[in-house]
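One-letter residues, chain by chain:
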Amino acid sequence: MLVILHPNTDENANEFQQTWHYLNELPNIEVRKHHVKGEQQTLTEIYLIGDTAKLNRDFIATLPAVERVIKISEAYRVLGRHSDKMRHVGFDYNGIRFSQDNLHVFAGLCAVDTPEHVELMMRALKENGQQCTRMGAYKPRTNPYSFQGHGKACLPYVFELAGKYDIKVIAMEVTHENHVNEILECLEQTGHPTGVMLQVGTRNTQNFELLKAIGRQQELPVLLKRGFGITLDESLNAAEYLASEGNANVIFCLRGMKTSFGEPHRNMVDFTHVPVLKRLTRMPVCIDPSHSVGSREKSPDGLLDLFHATAQGVIAGANMVLVDFHPEPSKALVDGPQALLMEELPLFLEDVRITRAAYEKRCRLIKKGSE
Ligand code: PEP
Ligand code: MN
């Protein structure tokens, strides 16, 4: 059961104390408090875990600090929707709103290689009105002898260049909790010129200790990739690990499933799950066409498979697109063959806009039909 308190409830006030005391005295019930911090207000949610069947929900709803009480299913306690239309969806980070109602493109380098390439990328993004990017500093590689990313050495110039070109959020994968500290320290040392969204890659979706460590910090939001060989339910439970530790600012990313049935694509594109995720959870949904498709193959209509896959996710209502670009793909140290070219950036963004407009038109049509 979930008890939602009135917005901005002061925990020193009598109303809160009485409510908290009552809930804590309930037999065989574990009480867990969770804060949802928005720009305007903070919501306090209290989860009642255990033998809740016999609880008097109507009485709990009358406790002084309580706004409403929701019955929740076992799965995805914090991140699930639980058939409650009023549940808070999305979050704000570094001046950018992430929700299930809007869309941001995170175009950038799969792996940071040189400061020159980082600058070319950031400049192109600014010229095209973008405020978000992806920049890989810590790369999980299949082969131990492959380039593993520049790690913390590249963070100062990546952050400073982001600041120079007004980039507000960088999606950056971490594979160890030390990386989170290195990022936080470098943001501090460089004076927070930008923000970072921590990315958990598909190889770490079920690295529970990493998820717990990332969930314990609440400064940086998280982009969690779907595990490439596990069920959707297992990946959503992984997301819940982050939330249960205290960080519910999570975006869920579809990136294709590992199976030879997806060939000739690198993975089996799974973007039909965008609406499923929005129905089941409160998380904004990201698609990663680059790691799904994995090549620059083109269909006879002239559009790259990468463009087609992106459109499929966007027309299904995706809220974020994570996509690899590179100024000189032949020199890229990771995933060059799937990178889009700088001159394709305006085209790509226009294609996304057209598709998003079509999605919004579809939503209006359905709304009108049901009025
Ligand atoms: C990436 O986005 O750079 C990446 C390694 O993706 P994934 O974890 O989906 O393979
Ligand atoms: Mn990659």
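This structure is a prediction, so every number in the text was calculated from the model and none was measured.

1. Re the site of ligand 1
Ligand 1 sits among Cys-110, Arg-134, Lys-139, Glu-173, Gln-199, Gly-201, Thr-202, Arg-203, Lys-225, Arg-255, Asp-288 and His-291. At a separation of 2.9 Å, an oxygen atom of ligand 1 approaches a polar side-chain atom of Gln-199. Calculation on ligand 1 without its partners gives an accessible area of 300 Å², and the protein chains cover 97% of this total. Tallied by class, the residues present in the shell around ligand 1 amount to one nonpolar, four polar and seven charged.

2. Quick notes on the pattern of salt bridges
A full pass over the atoms with the stated rule returns 18 salt bridges. Across the pair Asp-92 and Arg-97 runs a salt bridge, and its minimum N-O distance is 3.0 Å. A salt bridge links Arg-134 to Asp-324; the nearest nitrogen and oxygen atoms lie 3.3 Å apart. One end of the pair, Arg-134, is in strand S8 (residues 132–134); the other, Asp-324, is in strand S14 (residues 320–326), with 190 residues separating them in the sequence. Per residue, the accessibility class of Arg-134 equals that of Asp-324, and both read buried.

3. A closer look at the coordination of the manganese ion (ligand 2)
For the manganese ion (ligand 2), the full set of protein donor atoms is Cys-110 (SG), His-291 (NE2) and Asp-335 (OD), and the range of their distances to it is 1.9 to 2.4 Å. For the manganese ion (ligand 2), the donor residues sit on a single chain with the sequence spacing C-x180-H-x43-D. Residue Cys-110 is located in the loop between strand S7 (104–108) and helix H3 (115–127), and its partner His-291 is located in helix H9 (residues 289–293); the two are separated by 181 residues in the primary sequence. The class of Cys-110 is buried, set by a relative accessible area of 4%. Its relative accessible area of 9% is what places His-291 among the buried residues.

4. Some details on the packing of helix H10 (residues 305–315) against helix H11 (residues 345–369)
Where H10 meets H11, the closest approach of the two axes is 8 Å, and the angle between their N-to-C directions is 30°. Classified by the interaxial angle, the pair formed by H10 and H11 is roughly parallel. Crossing geometry of H10 relative to H11 is assigned as right-handed. Contacts between H10 and H11 pair Phe-307, Thr-310, Ala-311, Val-314 and Ile-315 from the former with Leu-347, Phe-348, Asp-351, Val-352, Thr-355, Arg-356, Ala-358, Tyr-359 and Arg-362 from the latter. Classifying every residue of the contact of H10 with H11 gives nine nonpolar, two polar and three charged.

Conventions and cut-offs
Residues numbered from 1 in each chain as written. Chains lettered and ligands numbered in written order. Predicted model: local features only at pLDDT ≥ 70, side-chain atom pairs only at ≥ 80, totals over all residues. Heavy atoms only, no water. Near = heavy atom within 4 Å. Polar contact = N/O pair within 3.5 Å; in protein donor to acceptor, adjacent residues only side chain to side chain. Areas by Shrake-Rupley, 256 points an atom, 1.4 Å probe, with all protein chains shown as cover. Nonpolar A, V, L, I, M, F, W, Y, C, P; charged D, E, K, R; others polar. Salt bridge = Lys/Arg side-chain N within 4 Å of Asp/Glu carboxyl O. Helix = DSSP H or I, 4+ residues; strand = E, 2+ residues; numbered from the N terminus. Buried < 20%, exposed > 50% of the residue type's maximum accessible area, 1.4 Å probe, protein only. Donors = N, O, S within 2.8 Å, 3.2 Å for Na, K, Ca; no water. Axes fitted to C-alpha atoms, helices over the stretch in contact; angles between N-to-C directions. Parallel < 35°, antiparallel > 145°, perpendicular 65-115°, else oblique. Left-handed = near helix turned anticlockwise from the far one by under 90°. Contact = heavy atoms within 4.5 Å.

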